[in-house]
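If you want the building blocks of each chain, they are given just below.
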Amino acid sequence: MRRQQFEDQVRLEVADAYVAMQQARAAYEAAVQSRILQEQSVQVELETFNVGLSTNYLVIQYQTVLAQARSTEVASKGAYVKAKLALDRATASTLETNRVSIQEAKDGHVSRPAGANPESVVAECRP
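Given the structure is predicted, the values throughout are model-derived calculations rather than measurements.

Enquirer: I keep staring at the overall build of the protein and nothing clicks. Help me out?
Expert: Within the protein one finds five helices and zero strands. Burial analysis of the protein (127 residues in total) assigns 23% to the buried set. Counted over contacts in the protein with a minimum sequence separation of 6, partners at least 24 positions apart contribute 67%. With an accessible surface of roughly 9100 Å², the protein has 58% of that area assigned to carbon and sulfur atoms.

Set out below in C-alpha cells:
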C-alpha cells in the first residue's frame, strides 16, 4: 500500500511538472509575440513622428511599453527554464538532459568541453 501511494505521488508530481512546463512555455511564446508586436508599434510610431504626426511623449510611451514587454519576455523565459528543470527533476532525467555520465565522472574523463552545460540547457529550452 505504501508503495502504491509513493507511485501515485510520483505520477502526480510528474503530471504537475509537465502541466507547469507547458503553461510556462505558452506564456513565454506569448511574451515573445507581445514583444515583437511592441517593436512594430514603436517603429510605426517613430515613422509617424518623423513625418510630424506624433509627439515625443507618444514615442516615449510606446518605448516604455516595449521595455515592459522585453522585461516580461525575460521573466517568462526564466520561468520556463525553471519549469523545464522541475520536469527533468520529477522524471529523474536531469543527468541525461545535461549529458552527465556517472561513469565519466568516476573515471575522471569528460568527453564534452568544459562550460558547455549551461548553454545547452538554455538552448534546449527554446520553444
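Enquirer: How should I be thinking about helix H2 (residues 56–90) in this particular structure?
Expert: Every α-helix winds through 3.6 residues per turn, so residues three or four apart in the chain are directed the same way. Taking 1.5 Å as the rise per residue, H2 with 35 residues should run 51 Å; its terminal C-alpha atoms sit 51 Å apart, in good agreement. Every buried residue of H2 is accounted for by Val 59, Leu 66, Ala 69, Glu 73, Ser 76, Tyr 80, Val 81, Ala 83, Lys 84, Leu 87, Asp 88 and Ala 90. One or two residues past the end of H2 sits Ala 92, with phi positive at roughly 55°.

Enquirer: Hey, could you run me through helix H1 (residues 2–50) in this one?
Expert: Here H1 is 49 residues long and its end C-alpha atoms lie 71 Å apart, about the 72 Å a rise of 1.5 Å per residue gives. By the burial criterion, the buried members of H1 are Ala 17, Met 21, Ala 24, Tyr 28, Ala 31, Val 32, Arg 35, Gln 38, Val 42 and Glu 45. Where H1 is buried, its residues contact H2. Downstream of H1 by one or two residues, Gly 52 has phi in the positive range, about 85°.

Enquirer: Before we go on, may I ask you to explain the pattern of salt bridges in this structure?
Expert: It is possible for side chains bearing opposite charge to pair when their charged atoms get close. Taken as a whole and judged by the stated rule, the model has nine salt bridges. Here Arg 3 makes a salt bridge to Glu 7, at a shortest N to O gap of 2.9 Å. Taken together, the residues Arg 3 and Glu 7, both in helix H1 and four residues apart, mark about one turn of the helix. The partly exposed category is assigned to Glu 7, whose relative accessible area is 24%. Residues Glu 29 and Arg 25 are paired through a salt bridge, measuring 3.2 Å at the closest nitrogen-oxygen approach. With Glu 29 and Arg 25 both in helix H1 and four residues apart, this pair spans about one turn of that helix. Classification of Glu 29 by relative accessible area gives partly exposed; the value is 36%. One network of salt bridges, with partners in common, ties together Arg 3, Glu 7, Asp 8 and Arg 11.

Enquirer: In this structure, what is going on with unusual backbone geometry? I would like to understand it.
Expert: What is expected of a backbone is that most residues other than glycine have negative phi and most peptide bonds are trans. Even without being a glycine, Ala 92 presents a positive backbone phi close to 55°. For Ala 92, the position within the fold is in the loop between H2 and helix H3 (94–97). Since its relative accessible area comes to 70%, Ala 92 is described here as exposed.

Basis of the calculations
Residues numbered from 1 in each chain as written. Predicted model: local features only at pLDDT ≥ 70, side-chain atom pairs only at ≥ 80, totals over all residues. Heavy atoms only, no water. Helix = DSSP H or I, 4+ residues; strand = E, 2+ residues; numbered from the N terminus. Buried < 20%, exposed > 50% of the residue type's maximum accessible area, 1.4 Å probe, protein only. Contact = heavy atoms within 4.5 Å. Areas by Shrake-Rupley, 256 points an atom, 1.4 Å probe, with all protein chains shown as cover. Expected span 1.5 Å × (residues − 1). Salt bridge = Lys/Arg side-chain N within 4 Å of Asp/Glu carboxyl O.

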